[in-house]
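# Coordinate analysis (summary)
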Amino acid sequence: MENKHVERDLESRSPWSLHGDKGKVSLQSPEGKVEAVLTVSGSKSLTNRALIIAALAEGTSVIEGILRSDDSFWCIDALTRLGIKLEVDGNKVTVEGGGGLFPLVGGELYVGAAGTVARFLPGALAVQPAGAWKITGSAALARRPLSPLLDALSDRGAEIQMEKEGSSLPYLLKARGLQGGNVILPGDTSSQFISGLAIAAPYAREPLTIAIKDEVVQQQYVEMTLDMMAAFGVVPHVTNGGQAIVIPNGAYRGRSIVLEPDISACCYFWALAALTGGTVKIEGIHAASTRQPDIELLGYLELMGCMVTRGEDFVEVQGPEVLRGGFTANMKSCSDQTLTLAVLAIFADAPVSLTGAAHIRKHECDRISAICEELGKLSITVDEKPDGLTVYPETPVPATLDPHDDHRMAMALSLISSRIDGISIANPGCVSKTLPDYYERLQQLGFGITFETWGGC
Ligand SMILES: O=C(O)C1=C[C@@H](OP(=O)(O)O)[C@@H](O)[C@H](O)C1
Ligand SMILES: C=C(OP(=O)(O)O)C(=O)O
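Not measured: the values here are computed from a predicted model. (Residues numbered from 1 in each chain as written. Chains lettered and ligands numbered in written order. Predicted model: local features only at pLDDT ≥ 70, side-chain atom pairs only at ≥ 80, totals over all residues. Heavy atoms only, no water.)

### Examining the packing of aromatic side chains
- Going through the model one piece at a time under the given rule, you end up with nine aromatic pairs.
- Ring centres of W74 and Y110 lie 4.8 Å apart, and the angle between their planes is 80°; on these two criteria the pair is classed as edge-to-face. Residue W74 is found in helix α2 (residues 70-81), and its partner Y110 is found in strand β6 (residues 106-110); the two are separated by 36 residues along the sequence. For the pair W74 and Y110, one class covers both residues: buried.
- Among the aromatic residues, ring-to-ring pairing joins Y268, F269, Y438, Y439 and F451 into one connected group. (Phe/Tyr/Trp six-rings, centres within 6.5 Å; stacked < 30°, edge-to-face > 60°. Helix = DSSP H or I, 4+ residues; strand = E, 2+ residues; numbered from the N terminus. Buried < 20%, exposed > 50% of the residue type's maximum accessible area, 1.4 Å probe, protein only.)

Now the structure itself:
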C-alpha cells in the first residue's frame, strides 16, 4: 500500500505519542500461545474525568494512575492554558483546583482527537462568569458530532460561533455563566454529551436537570461520570429510570484518588489469549465493581469458549482450542469493543453478527465501514449493516491494512497477526491516542515487530 493514501493527523500526536515517524509496522506472530501476567495503565475515560473535575474543584487533588497518552496530554494542556496548575510526575498529577473558576479567561485551546476533552471541556468553560476561547482539534474530531451539546450550552446562556458550516471545530465560546433548569440531550449519538454537561452543571446558576431522549449508548460511561462527580463531593440524582439526571448546585472538593486501569486496553490482551489458546492474566482489575463497560467483552469471550477467572483484583482469560461463533452480539453498551470482536470472529467456527453500534460510525472514523473495508482486504467475507456487520470466518490472506487513523482499528487489526504472518499496519503511531506503547507490549508478548518510516525505509 502506498503510504501517501493513508490518512494520518500527526498534529493530534502529543509529546506522549510514539512512532509518529513510522509509516508501517510489520508483525510476525508469536511462537505458539500467548501466556502472560501483565498490568495496564490507567483508564483514559477516568483520567480525563478526574482531571477536569479536579480542575474545577476547590483545593488540591492528587490523581494517581493516570493514562499518559495523546488524549490525556491534550486534556492537561488545555487545563494548563486555562491557568490551572497541574504538576505531572510519572502517572501522578497534582492539580490545584480553581474553585469553579479558570484563572486565564481567554485564548485558544487544542483538544487533539479526544472526544472526552471535546465534550467535557465546553460545559466547564460555559459556566465561567466571563471569558472567550477558541476551541480547535483534529480534522477527524471536527467530523464528529458536537452540536447537541453546544446547542444546549447556547440555550443556557453561552455564546457559541462555529467557524465552519458543518464542522464541529473550530468554534468560539464566549462564557457568561450557565442557567440551570431543564436541558434535553439525545442519548443515541454519544454518551459524552450527557457526561460533559453533567460535569459542569454544579456550577450553573440554578440546579440543572438533564432529560435524555431515547436510550443512551454506552450508558455506563454516564455512570462513570456520576460516580466521579460524587467522589469529588457533588451527588447527582438519577430519576425517571435513568432518563433524567438532576444535578444540584455545589462545588467539587479536591481529594486524592487512584484510577482503575483501562479496561478497553485490557481487552486487546485478553483477546490474544482467546486467539492463541493461551492465558493472559491482568492484575489490578476489579471485574465485579468496575463501571467501565468494556468489561462486558469477557462475557463474549466466555461465549466463544474462553475460561474467564474474575479474581479479587485480577482477571485471567484462558483461550479455547477453537473459538465458537454462531451468535449475535448487541454492542450498544460496549461499542468500543465492536472491532475487537469483529477480529475474533474471523477465527470462529461460525459467523458472528454485531449489532447496535450505529453511533460508532461517528467515532474516530466510520468504524463499521472501515472494519468492513479492511477485512475485505484480507479476503474475509463481511455483511455491512447500518448498525454493525456480520463476519464469515475464513483464513485471512496477508495484507497491509489501513487503520483509518483510528487507534482501535490499529489495535484490533494487529491482533490478526497472532494467527498469521504477513500482516502490516500502516500509520501505527495512531495507537498513541490511548495506548502509545501497544507495539512494544506486543513485542514483549513474543510478536516480531518491524517498523518502516513514512519514507519506506
Ligand atoms: O465518556 C467516555 O469516556 C467515553 C464514551 C464513549 O463515547 P460515545 O458515548 O461517544 O460512544 C466511548 O466510545 C469513549 O471511548 C469514551
Ligand atoms: C471513541 C473513543 O474515544 P473518544 O470518544 O474519547 O475520542 C474510543 O476511545 O474508542
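### Brief notes about the nonpolar core
- The biggest cluster of nonpolar side chains holds 82 residues, and the ones touching the most others in it are F269, W270, L375, I416, Y438 and Y439.
- Per-element tally for this core: the top contributor is helix α8 (residues 263-276), with 12 residues.
- Residues within four places of I416 in sequence aside, it is in contact with V343, I346, F347, L375, L378, P396, L401 and I423.
- Ranked by size, the runner-up nonpolar core spans 80 residues in total, among them A54, V93, I135 and I257. (Core = buried A, V, L, I, M, F, W, Y, C linked by side-chain atoms within 4.5 Å. Contact = heavy atoms within 4.5 Å.)

### A word on unusual backbone geometry
- Residue P170 follows L169 across a cis peptide bond; omega there is -10°.
- Relative to the elements of secondary structure, P170 occurs in the loop between β8 (159-162) and β9 (171-174).
- Of note, Q218 is a non-glycine position whose phi angle comes to about 45°, a positive value.
- For Q218, the location among the structural elements is in the loop between β11 (208-213) and α7 (220-231).
- Exposure remark for Q218: the relative accessible area of 5% places this residue in the buried category.

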